Amino acid sequence: MLIFPVEVAAGVGLLSARLAHHPMNIQQEIARRRTIAIISHPDAGKTTLTEKLLLYGGALQLAGSVTARKNQRATTSDWMELEKQRGISVTSTVLQFDYRDYCVNLLDTPGHKDFSEDTYRVLMAVDAVIMVIDAAKGIESQTRKLFEICRMRGIPIFTFMNKLDRPARNALTLLDELEQTLQLRVCAMNWPLGDGIDFKGVYDRHSKQLHFFERTVHGAYRAPVSVHSLSDAAVKERLPADLYEAFVNECDVLDSAGEAFDLAEVQAGDLSPVFFGSAVNNFGVQLLLDAIVDYAPEPRARQSGETEVQPADSRFSGFIFKIQSNMDPKHRDQIAFLRICSGCFTRDMRVMHSRTGAQIRLSSSHRLFAKERETVNTAYAGDVIGLVGHSEFGIGDTLSEDPAILYDELPQFAPEHFALLYNAVPSQYKRYQAGMRHLLQEGALQCFRFAGPSQNTPLLGAVGTLQFDVFKYRMESEYGATIRLETAPYTLIRWVDETGDDAVEVTEAMLPQACRMAFDASDRKVLLFESEWLMKFFLERHPKARLLALPRKNSALVTA
């Protein structure tokens, strides 16, 4: 029997503010939220899977389209022109859609290692992740790093073995690699029927049914699928004898020696459900999406100091985890991405801004779909919304109705590469200043100023050098400001801790010749070294000086 996936209408119906505050209604709305991110090594197919989840979620009618029509959303998660040119994701994107009776907040993240800190911050805002692995390459370096972040936070992980349409490793070998390399218990939820040109579909182990897919042109539409039971005579007709025999043997191994599915262990992050498929051909995508809404956890409690704030708490609260400028050239503004942690958001509500202590009215709130946006009047714990027109917001800021709620700061990362920034065309100074102010607020780059009035050239610090390319491109394309970046020789930065009675004040006279003193955006003193040897030399000469790998909070002391 030929079965086509059911069309699901896109968009989230807005409820009235009056009904939204009913306690039972809040609990029901929170329970249907699923907030997830997709992580992977570059080129594993993360962005392709993102787009295909939107296709099956009813948010796209045609995968791969980059146009947007008035009554039909059809856009990609890679909205920045540079991303389209290079074929990589260099920004995090928030996409929200309804699927079945659930509201899914999907965060697409950069896969490139130079943007890992952006991904880390996004992982602070989600309740589950999909880990995409290239079935031909297995686990790669960036996958391992991102997995460790998820393990530390206890984030449930759903694994998608992608690119089965190409020659792939043996499926049992891939499962074994997951268990051995990541020390992660896994449960195969479906099983591939062949690979490469022989990839026919997948076997759903829960329903004990085989899903045979048909390819569509460029994978632009949902793949037609025919579903058969194991006893159906058509199964042996559609599978070559050797492939059928291998499939039966592998299923026997899984049934006898494989891990059993346990929902509690999945939601605790101790067991990863594994799915096989091909995102580019839409094979197995709907089975993955169904599992996400069925098994991923609803929004959970968050720590505010010693207090645990429940999602259904009547007090609204959330935190800013990302700031993005110029997502749409028609708007030319900044959007602060807010993860709602508790309560109900209503447009025009007043909240406390944790960093300034000011009462702020949230009047310009948006539901996001890549660069497209629509006004949102009501949102709940688990949702991610965009707030426009608040230049005072910074990454990690808490917004809440109760000033007693204050969420932990988001992690900061020490730059590993540095470059001096010059305004190449003095007549573009205003555009240069505006671009600097907006792009640095996003947090991908850090800016430092050297000590001394004579040196006013900004020093930019980044985790990866690709961030400098993106900054230069955006300054010129989005702000019309021509800049010049010159690589600086520093490879190591340390923050100076001069607090406490035994603190030693560090002066420039104490520094080795190839070391410089500077100040970060918060006027905290930093030292810049050209090598680790120079830093150790400095500490040997000044053993009472206290250097920190990161600004004080939870920062490790560096000693010789």
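The rules behind these values
Residues numbered from 1 in each chain as written. Predicted model: local features only at pLDDT ≥ 70, side-chain atom pairs only at ≥ 80, totals over all residues. Heavy atoms only, no water. Salt bridge = Lys/Arg side-chain N within 4 Å of Asp/Glu carboxyl O. Helix = DSSP H or I, 4+ residues; strand = E, 2+ residues; numbered from the N terminus. Buried < 20%, exposed > 50% of the residue type's maximum accessible area, 1.4 Å probe, protein only. Polar contact = N/O pair within 3.5 Å; in protein donor to acceptor, adjacent residues only side chain to side chain. Contact = heavy atoms within 4.5 Å. Pairing = 2+ DSSP bridges. Patch = residues over 30% accessible without salt bridge, like charges linked within 9 Å, V, L, I, M, F, W, Y side chains within 5 Å. Areas by Shrake-Rupley, 256 points an atom, 1.4 Å probe, with all protein chains shown as cover. Lys, Arg positive; Asp, Glu negative; His and termini not counted. Charge placed at Lys NZ, Arg CZ, Asp CG, Glu CD. Core = buried A, V, L, I, M, F, W, Y, C linked by side-chain atoms within 4.5 Å.

1. Observations regarding the pattern of salt bridges
Then, in step 1: Inspection of every chain in the model, using the stated rule, returns 28 salt bridges.
Then, in step 2: As a salt-bridge pair, Asp134 and Lys163 come within 3.7 Å of each other at their nearest N and O atoms. Here the residue Asp134 occupies a position in strand 5 (residues 128–134), and Lys163 occupies one in the loop between strand 6 (157–162) and helix 7 (171–182), the gap between them amounting to 29 residues.
Then, in step 3: On the basis of relative accessible area, Asp134 is assigned to the buried category, the value being 4%.
Then, in step 4: In this structure, Arg524 engages Asp520 in a salt bridge whose closest nitrogen and oxygen atoms are separated by 2.8 Å.
Then, in step 5: Through salt bridges with shared partners, a single ionic network connects Glu29, Arg32, Arg33 and Asp383.

2. Structural notes on the side chain of Asp313
Then, in step 1: With respect to the helices, strands and loops of the structure, Asp313 is situated in the loop between strand 14 (307–309) and strand 15 (317–325).
Then, in step 2: At a separation of 2.8 Å, a polar atom in the side chain of Asp313 contacts the side chain of Arg315.
Then, in step 3: Once residues lying within four places of it in the same chain are set aside, the contact partners of Asp313 are Ser342 and Gly343.

3. Quick word on the pairing of strand 3 (residues 93–99)
Look at any regular strand and the pattern is simple: side chains alternate between the two faces of the sheet.
Then, in step 1: The buried count for strand 3 comes to 7 of 7 residues, which makes it a mostly enclosed element.
Then, in step 2: Going residue by residue along strand 3, you find Thr93, Leu95, Phe97 and Tyr99 tucked away on one face and Val94, Gln96 and Asp98 tucked away on the opposite face as well.
Then, in step 3: Alignment of strand 3 against strand 4 (residues 102–108), held across 7 bridges, turns out to be antiparallel. Of the residues in strand 4, the one forming a bridge with Leu95 is Leu106.
Then, in step 4: Here strand 3 hands over to strand 4 after 2 residues, with Arg100 in that stretch at a positive phi of 55°.

4. Brief notes about unusual backbone geometry
Then, in step 1: Here the phi dihedral of Asp43 falls at roughly 75°; this positive angle occurs in a residue that is not glycine.
Then, in step 2: Accessibility expressed as a relative area gives 56% for Asp43, which makes it exposed.
Then, in step 3: Of note, Lys163 is a non-glycine position whose phi angle comes to about 65°, a positive value.

5. Details of the pairing of strand 19 (residues 359–362)
Then, in step 1: What you see with strand 19 is a clean split: Ile360 and Leu362 sit on the buried side and Gln359 and Arg361 on the side with no burial.
Then, in step 2: As judged from the 4 bridges shared by strand 18 (residues 349–353) and strand 19, these two strands associate in the antiparallel manner. Note that in strand 19 the partner of Arg350 across the bridge is Arg361.
Then, in step 3: Linking strand 18 back to strand 19 in an antiparallel pair, the connection comprises 5 residues, with Gly357 at a positive phi of about 75°.

6. Section: the environment of Arg524
Then, in step 1: Relative to the helices and strands, Arg524 resides in the loop between strand 30 (516–519) and strand 31 (525–529).
Then, in step 2: Given a relative accessible area of 32%, Arg524 falls into the partly exposed group.
Then, in step 3: Taking the C-alpha atoms as reference points, Arg524 and Val496, separated by 28 residues in sequence, lie 7.6 Å from one another.
Then, in step 4: Not counting residues up to four positions away in its chain, the partners in contact with Arg524 are Gln412, Trp495, Ala518, Phe519 and Pro551.
Then, in step 5: Reaching out from Arg524, the side chain makes a polar contact with the side chain of Asp520 at a distance of 2.8 Å.

7. Remarks on a negative patch on the surface
Then, in step 1: Judged by side-chain charge, Asp195, Asp198, Asp242 and Glu245 come together as a negatively charged surface patch.
Then, in step 2: Residue position: Asp195 is located in the loop between strand 8 (190–193) and strand 9 (201–204).
Then, in step 3: Note on Asp195: relative accessible area 31%, which makes it partly exposed.

8. Considering the nonpolar core
Then, in step 1: Core analysis: the largest hydrophobic core is formed by 102 residues, its most contacted members being Ile130, Trp191 and Phe321.
Then, in step 2: At 8 residues, the largest contribution of residues to this core is made by helix 11 (residues 285–295).
Then, in step 3: If near-sequence neighbours (up to four positions away) are discounted, Phe321 is found in contact with Val94, Leu107, Arg121, Val122, Ala125, Phe337, Leu338, Arg339, Val384, Ile395 and Leu410.

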